[in-house]
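# Structure assessment
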Amino acid sequence: MSTMTATVLRAPFNYFGSKAGIAHEVWTRLGNPRVYIEPFAGSAAVLLARPGGAPPPADLEIVNDADGHISNVWRAIQAHPDDLVDVMTTGAREVDLHARAAVALERTTDLVSRLEGDPHFCDVELASWWLAGARHTLPGNFLKAGPWHRE
């Protein structure tokens, strides 16, 4: 007799508005749908908590989030996971977070159009800064304009 253990995947970063706390309830109500669409995916906590893992190939899962940083982070995790490991496991200095946020705000202006224009594009450095900001600042505060300036 073999025993099958369920692996519950967790989001690799905290996200303001995460549905991780209600993911079990969502799947209890949905059951095992052949098509699943996760709007406002953020950290994709509900999808990652799907009982039984990924569905059969004939089924369909669609993840939606218009935030360019979210899409960029997920692409970087998929294409360049090793480049993000240090960011996910080290601390941060506040001055570095501010400097990265100032540069990230500038690089955000065309991020969505670059992501939409090239399915292979991702800005790994920007993704690493966003992950560090998400990890080390109050939820939703990383990319807020601050008193710093760039010359």
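Everything below is about the structure shown above.
Here's what I pulled together on the structure shown here. (Residues numbered from 1 in each chain as written. Predicted model: local features only at pLDDT ≥ 70, side-chain atom pairs only at ≥ 80, totals over all residues. Heavy atoms only, no water.)

## With respect to the overall build of the protein chain
Looking only at helices and strands, the protein chain features 7 helices and 2 strands. Its helices and strands taken in sequence order, the protein chain reads α-β-α-β-α-α-α-α-α from the N to the C terminus. Put simply, 73% of the contacts in the protein chain that link residues at least 6 apart link residues at least 24 apart. Looking at the protein chain as shown, the accessible area adds up to about 10000 Å², and 57% of this sits on carbon and sulfur atoms. (Helix = DSSP H or I, 4+ residues; strand = E, 2+ residues; numbered from the N terminus. Contact = heavy atoms within 4.5 Å. Areas by Shrake-Rupley, 256 points an atom, 1.4 Å probe, with all protein chains shown as cover.)

## Some details on a nonpolar patch on the surface
Residues Val 35, Ile 37, Leu 60 and Ile 62 make up a contiguous nonpolar surface patch of about 320 Å² in total accessible area. Breaking the nonpolar patch down by element, the ones donating at least two residues are strand S1 (35-38) and strand S2 (60-63). Turning to its location among the elements, Val 35 is positioned in strand S1. (Patch = residues over 30% accessible without salt bridge, like charges linked within 9 Å, V, L, I, M, F, W, Y side chains within 5 Å. Salt bridge = Lys/Arg side-chain N within 4 Å of Asp/Glu carboxyl O.)

## Digging into the nonpolar core
Grouped together as the largest cluster of nonpolar side chains are 22 residues, with contacts concentrated most on Phe 13, Val 73, Leu 84, Trp 130, Leu 131 and Phe 142. Of all elements in the fold, only helix H3 (68-79), helix H5 (94-107), helix H6 (111-117) and helix H7 (124-136) reach the threshold of two or more residues within this core. Looking at this core element by element, the count peaks at 8 residues for H7. Counting residues in hydrophobic clusters, the runner-up holds 5 residues, among them Ala 23, Trp 27, Tyr 36 and Leu 47. (Core = buried A, V, L, I, M, F, W, Y, C linked by side-chain atoms within 4.5 Å. Buried < 20%, exposed > 50% of the residue type's maximum accessible area, 1.4 Å probe, protein only.)

## Thoughts on the environment of Ala 41
Position of Ala 41 relative to the elements: it lies in the loop between S1 and helix H2 (45-48). A relative accessible area of 5% places Ala 41 in the buried class. For the pair Ala 41 and Ser 71, spaced 30 residues apart in sequence, the C-alpha to C-alpha distance is 9.6 Å. Among residues more than four places away in sequence, those in contact with Ala 41 are Val 63, Asn 64 and Asp 65.

## Side note on the side chain of His 69
When you line up the elements, His 69 lands in helix H3. Polar side-chain contacts of His 69 include one of 2.8 Å to the side chain of Thr 108. Sequence-distant contacts of His 69, that is, excluding residues within four places in its chain, are made with Thr 108, Leu 111, Leu 126, Trp 130 and Leu 143. (Polar contact = N/O pair within 3.5 Å; in protein donor to acceptor, adjacent residues only side chain to side chain.)

## A few points about unusual backbone geometry
With a phi angle near 50°, Phe 40 is a residue other than glycine that sits in the positive phi range. Mapped onto the secondary structure, Phe 40 falls in the loop between S1 and H2.

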